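# Structural overview for review
Chain by chain, the residues run as shown.
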Amino acid sequence: MTHGDGGGFVRCGICGADAAGPCARCRTPVCGDCCVLTQGTAGRWAICVRCDQRGGRSARTGWAFVLAWLMLPLLGLCALLVLLYFLFG
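The text that follows walks through the structure, step by step, so that each part is easy to find. As the structure is a prediction and not an experimental result, all values here were calculated from the model. (Residues numbered from 1 in each chain as written. Predicted model: local features only at pLDDT ≥ 70, side-chain atom pairs only at ≥ 80, totals over all residues. Heavy atoms only, no water.)

### A look at the overall build of the protein
Each helix and strand counted, the protein has two helices and four strands in total. Going from the N terminus to the C terminus, the protein shows its helices and strands as β-β-β-β-α-α. Classification of the 89 residues of the protein by burial places 13% in the buried group. Within the protein, contacts between residues at least 6 apart in sequence are counted, and of these 16% link residues at least 24 apart. In the structure as shown, the protein presents an accessible area of about 7100 Å², 66% of it carried by carbon and sulfur atoms. (Helix = DSSP H or I, 4+ residues; strand = E, 2+ residues; numbered from the N terminus. Buried < 20%, exposed > 50% of the residue type's maximum accessible area, 1.4 Å probe, protein only. Contact = heavy atoms within 4.5 Å. Areas by Shrake-Rupley, 256 points an atom, 1.4 Å probe, with all protein chains shown as cover.)

As structure tokens, then:
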């Protein structure tokens with residue numbers, strides 16, 4: 001650590017120890033003791049124990065959100081096409 005670099009080590013947001021990196025969900029700095037690894041993704045991501053308690057370490061809810069984000073506009077367009085077909089077809 002050099003003089004005048006604007007601070008020291010980043011501390012864990014949960015226990016106050018030296019942080020290993022940020023949580024993949026909430027970006028809070030966490031140490032190795034306060035994080036868990038995700039399951040069900042192509043890569044392994046470390047999330048803090050708070051995010052693990054709230055949403056679990058599975059990526060299933062994230063994939064469900066992406067699928068809903070893709071399907072809702074498509075279903076809306078299909079409903080619009082059916083409405084136009086009945087009105088003008």
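So much for the structure itself; the text now carries on.
### With respect to the packing of aromatic side chains
According to the stated counting rule, one finds one aromatic pair in the structure shown. A ring pair is formed by Y85 and F86, whose centres lie 5.8 Å apart and whose planes are at 65 degrees; its orientation type is edge-to-face. F86 shares its class with Y85; the two are exposed. (Phe/Tyr/Trp six-rings, centres within 6.5 Å; stacked < 30°, edge-to-face > 60°.)

### Thoughts on the pattern of salt bridges
When the charged atoms of two side chains with opposite charge come close together, those side chains can pair. In the structure shown here, the tally under the stated rule is one salt bridge. Note that R11 is salt-bridged to D18, the shortest N-O span being 2.6 Å. (Salt bridge = Lys/Arg side-chain N within 4 Å of Asp/Glu carboxyl O.)

### A look at the environment of C12
As for its placement among the helices and strands, C12 is situated in the segment before β1 (21-22). In this structure C12 comes out as buried when scored by relative accessible area, which is 6%. A sequence separation of 16 residues divides C12 from T28, and the C-alpha atoms of the two residues are 7.7 Å apart.

### With respect to the environment of I47
Summarising the element assignment, I47 is placed in strand β4 (residues 46-48). According to the relative accessible area criterion, I47 is buried, its value standing at 1%. The spacing of I47 and V36 is 11 residues in sequence and 5.5 Å in space, taken between C-alpha atoms.

### Re unusual backbone geometry
Phi is positive for R27, which is not a glycine, with a value near 65 degrees. Along the polypeptide, R27 turns up in the loop between β1 and β2 (29-30).

### Focus on the state of the cysteines
Tallying each qualifying case throughout the model produces zero disulfides. Lacking any disulfide linkage, C26 is separated from the closest cysteine sulfur, that of C23, by 3.7 Å. Looking at C26, the relative accessible area reads 33%, which means it is partly exposed. (Disulfide = S-S within 2.5 Å.)

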